[in-house]
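# Understanding the architecture of this molecule
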Amino acid sequence: MKKRFETNAIRTQLKRTEHLEHSVPLYLTSSFVFEDAEDMRASFAEEKERNIYSRYSNPNSSEFIEKVCQMEGAEAGFAFASGMAAVFSTLASLLDSGDHMISARNIFGSTHSLLNNFFPKWNINHSCFKIEDLDTIEALITPKTKLIYAETPTNPGVDVLDLEALGKITKKHKLILVIDNCFASPYLQQPIKFGADLVIHSGTKLMDGQGRVLAGITVGTTELIDKVYRFSRITGPALSPFNAWVLSKSLETLAIRVDRHCENALKLANYLERHKEVNWVKYPFLKSHPKYEVAKKQMKAGGCVVAFEVKGGLQAGQKFFDAIKLLSLSANLGDSRSIVTHPASTTHSKLSKEERVETGITDGMVRVSVGLEHIDDIIEDVGQALK
Ligand SMILES: *Cc1c(COP(=O)(O)O)cnc(C)c1O
């Protein structure tokens, strides 16, 4: 019988041990033992599927991967120690020296830095497309182009990219489509349905949802994940069993948490849109969002992040932050605690002013990751700080 999202998130679990535990135990072990010489030989020859060493696989990681595969509609996956380990290992395993990739201009800061400051030294180069105009992508394709990389919604601007359109372009040119789905979570959006080959998550965000662990995961086709696995089992970015166990438990409540995150975020976005000290508000499920129709097509709800601009630029922005009392000033997102960030002076301060403007980050822009506190308390704090 085919089960629904919430049921799979809870009922997908490892086989019980002889103790018949209800909740899955933690397998804190670096290695696994063999029955005899033949078992050892066959295991290393990959004639059987079993755990050998936790850098390759571990029961807790496998359970976490299985859950995310079900949620994303993927065949296989690999779990990493952080979201960036997932981004780096996935791209490094697929791209050879001389290869070219195409990326959205608006991507996570560290990913942007990876493509600009590190990949070129291995002769892996990229071109950027403007997210407002997906029609410009085809002109960037060269005989060396292997993949297209994008995020939606984007960090920190909460822009939305049409996944179906990206899927069509990649299929037409036989490229690999890699989507960072971290801002949406697998509950709100499944990029594989629209043509993605690989989906990446930072598990640090909504998946854990309580600001405790760093994690990353890549899921997709068996063929591509096999490449990611071969590279990663040698280079060693594996997720720890403890963090995998925490995440697998977190996924049991993903749907119910994300529902509330989205409900709170939409209420805050509506409040901010009517506020006289605010220039503009961006949230995928606000009718005023330039890609509202696309967001409705590919997402179940708008996500936990709201971006807005305080009137009065940098100074007003900083005054706003100093007046915040309840919300946390922090760089994370997708936490049960609401978080406010000022991208221009923090996460994106290393970009030049031109680069910031190009990616939609203005001086007075504020990013709120709306948490699970009572919405009236969140609105009260933001309201008094805007005053
Ligand atoms: C946080 C984040 C990452 C990186 O994840 P870490 O777990 O911090 O390494 C990648 N992509 C997006 C969109 C993110 O928000």
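Residues numbered from 1 in each chain as written. Predicted model: local features only at pLDDT ≥ 70, side-chain atom pairs only at ≥ 80, totals over all residues. Heavy atoms only, no water.

## Here's the deal with the domain arrangement of the protein chain
- As assigned here, the protein chain comprises domain 1 (5–251) and domain 2 (254–386).
- Taken together, the contact pairs 41 residues of domain 1 with 38 residues of domain 2.
- With both chains or domains summed, domain 1 and domain 2 bury close to 3200 Å², and 59% of this area falls on carbon and sulfur atoms.
- Taken together, domain 1 and domain 2 are joined by three salt bridges. (Domains from an automatic or database assignment. Contact = heavy atoms within 4.5 Å. Buried area = accessible area lost by both parts, 1.4 Å probe. Salt bridge = Lys/Arg side-chain N within 4 Å of Asp/Glu carboxyl O.)

## A closer look at the packing of helix H4 (residues 83–94) against helix H5 (residues 109–118)
- At their nearest, the axes of H4 and H5 sit 10 Å apart, and the two run at 30 degrees to each other. By the criterion of interaxial angle, the relationship of H4 to H5 is roughly parallel. Seen from above, H4 lies across H5 with right-handed handedness. Here H4 contributes Met 84, Val 87, Phe 88 and Leu 91 to the contact with H5, which in turn contributes Ser 110, Thr 111, Leu 114 and Leu 115.
- Residue composition of the contact of H4 with H5, by class: six nonpolar, two polar and no charged. (Axes fitted to C-alpha atoms, helices over the stretch in contact; angles between N-to-C directions. Helix = DSSP H or I, 4+ residues; strand = E, 2+ residues; numbered from the N terminus. Parallel < 35°, antiparallel > 145°, perpendicular 65-115°, else oblique. Left-handed = near helix turned anticlockwise from the far one by under 90°. Nonpolar A, V, L, I, M, F, W, Y, C, P; charged D, E, K, R; others polar.)

## What about unusual backbone geometry?
- Residue Pro 153 follows Thr 152 across a cis peptide bond; omega there is -10 degrees.
- Tracing the chain through its elements places Pro 153 in the loop between strand E4 (145–151) and helix H6 (163–172).
- A cis amide bond links Asn 155 with the next residue in sequence, Pro 156, at an omega value of 0 degrees.
- With respect to the helices, strands and loops of the structure, Pro 156 is situated in the loop between E4 and H6.
- At Glu 46, a position not held by glycine, the phi torsion is positive, near 60 degrees.
- Counting through the fold element by element, Glu 46 comes out in the loop between helix H2 (37–44) and helix H3 (59–72).
- Owing to a relative accessible area of 41%, Glu 46 belongs among the partly exposed residues under this scheme.
- Backbone geometry places Ser 185, a non-glycine residue, at a positive phi of 75 degrees.
- Tracing the chain through its elements places Ser 185 in helix H7 (residues 185–188). (Buried < 20%, exposed > 50% of the residue type's maximum accessible area, 1.4 Å probe, protein only.)

## Here's the deal with the packing of H4 against helix H8 (residues 222–235)
- Close contact between H4 and H8 brings their axes to 9 Å; oriented N to C, the two are set at 105 degrees. Between H4 and H8, the angle falls in the class roughly perpendicular. Between H4 and H8, the contacting residues are Phe 88, Ser 89, Thr 90, Ala 92, Ser 93 and Leu 94 on the first element and Leu 224, Lys 227, Val 228, Phe 231 and Ser 232 on the second.

## Quick look at the sheet that holds strand E7 (residues 216–220)
- The sheet built from seven strands is open, its strands ordered E1-E7-E6-E5-E4-E2-E3 with mixed pairing. At either end of the open sheet lies a strand with only one pairing partner, and these are strand E1 (76–80) and strand E3 (125–129). If you compare each strand with its neighbour and ignore which way they point, the axes differ by 20 degrees on average.
- Bridging between E1 and E7 involves five bridges; their strand directions are antiparallel. Bridging from a neighbouring strand, Ala 76 pairs with Gly 220 of E7. (Pairing = 2+ DSSP bridges.)

## A word on the nonpolar core
- Membership of the largest hydrophobic core comes to 113 residues, with the highest contact counts inside it found for Phe 129, Phe 308 and Phe 320.
- Broken down by element, the residue count for this core peaks at eight residues, all from helix H10 (residues 254–273).
- Lining this core are residues from two domains, each supplying at least three of them: domain 1 (5–251) and domain 2 (254–386). (Core = buried A, V, L, I, M, F, W, Y, C linked by side-chain atoms within 4.5 Å.)

## A word on the site of the ligand
- Near the ligand you find 13 residues, and of these Met 84, Asp 180, Ser 202, Thr 204 and Lys 205 are the closest.
- For the ligand, an oxygen atom lies 2.8 Å from a polar atom in the backbone of Gly 83.
- Here a nitrogen atom of the ligand and a side-chain polar atom of Asp 180 are 2.6 Å apart.
- A total of 380 Å² of accessible area belongs to the ligand in isolation, and the protein chains cover 92% of it.
- Of the residues contributing to the shell around the ligand, the split by class is five nonpolar, five polar and three charged. (Near = heavy atom within 4 Å. Polar contact = N/O pair within 3.5 Å; in protein donor to acceptor, adjacent residues only side chain to side chain. Areas by Shrake-Rupley, 256 points an atom, 1.4 Å probe, with all protein chains shown as cover.)

## Examining the packing of aromatic side chains
- Taken as a whole, this structure holds twelve aromatic pairs when the rule is applied.
- Ring centres 6.1 Å apart and planes at 80 degrees place the aromatic pair Tyr 53 and Tyr 56 in the edge-to-face group.
- A residue is classified by how much of its surface remains accessible, and Tyr 56, at 18% relative accessible area, is buried.
- Among the aromatic side chains, those forming a connected cluster through ring pairs are Phe 88, Phe 119, Trp 122 and Phe 231.
- Here the basic side chain of Arg 233 rests over the ring of Tyr 56, its NZ or CZ set 4.2 Å away from the ring centre. (Phe/Tyr/Trp six-rings, centres within 6.5 Å; stacked < 30°, edge-to-face > 60°. Lys NZ or Arg CZ within 6 Å of the ring centre and 35° of its normal.)

## Some thoughts on the pairing of strand E6 (residues 198–202)
- Within E6, five of the five residues are buried, which leaves the element mostly enclosed by the surrounding structure.
- Residues of E6 alternate between two faces, with Leu 198, Ile 200 and Ser 202 on one and Val 199 and His 201 on the opposite face, all of them buried.
- Pairing of strand E5 (residues 176–180) with E6, which is carried by three bridges, proceeds in the parallel orientation. Residue Ile 179 lies in a different strand from E6, and its bridge partner there is Val 199.
- Pairing geometry for E6 and E7, over five bridges, is antiparallel. Pairing of Ser 202 across the sheet is with Gly 216, part of E7.

## Describing the layout of surface pockets
- Of the volumes computed, that of the largest pocket is approximately 970 Å³.
- What lines the largest pocket is a set of 34 residues, among which Glu 49, Ser 57, Ser 62, Gly 77 and Tyr 229 lie closest to the centre.
- Breaking the lining of the largest pocket down by element, the ones donating at least two residues are H3, E1 and H8. (1 Å grid on protein atoms, 1.4 Å probe; cavity = no way out; pocket = protein on both sides within 12 Å on 5 of 7 lines; lining within 4 Å. Points joined across faces, edges and corners; volume = space filled by probe spheres on them.)

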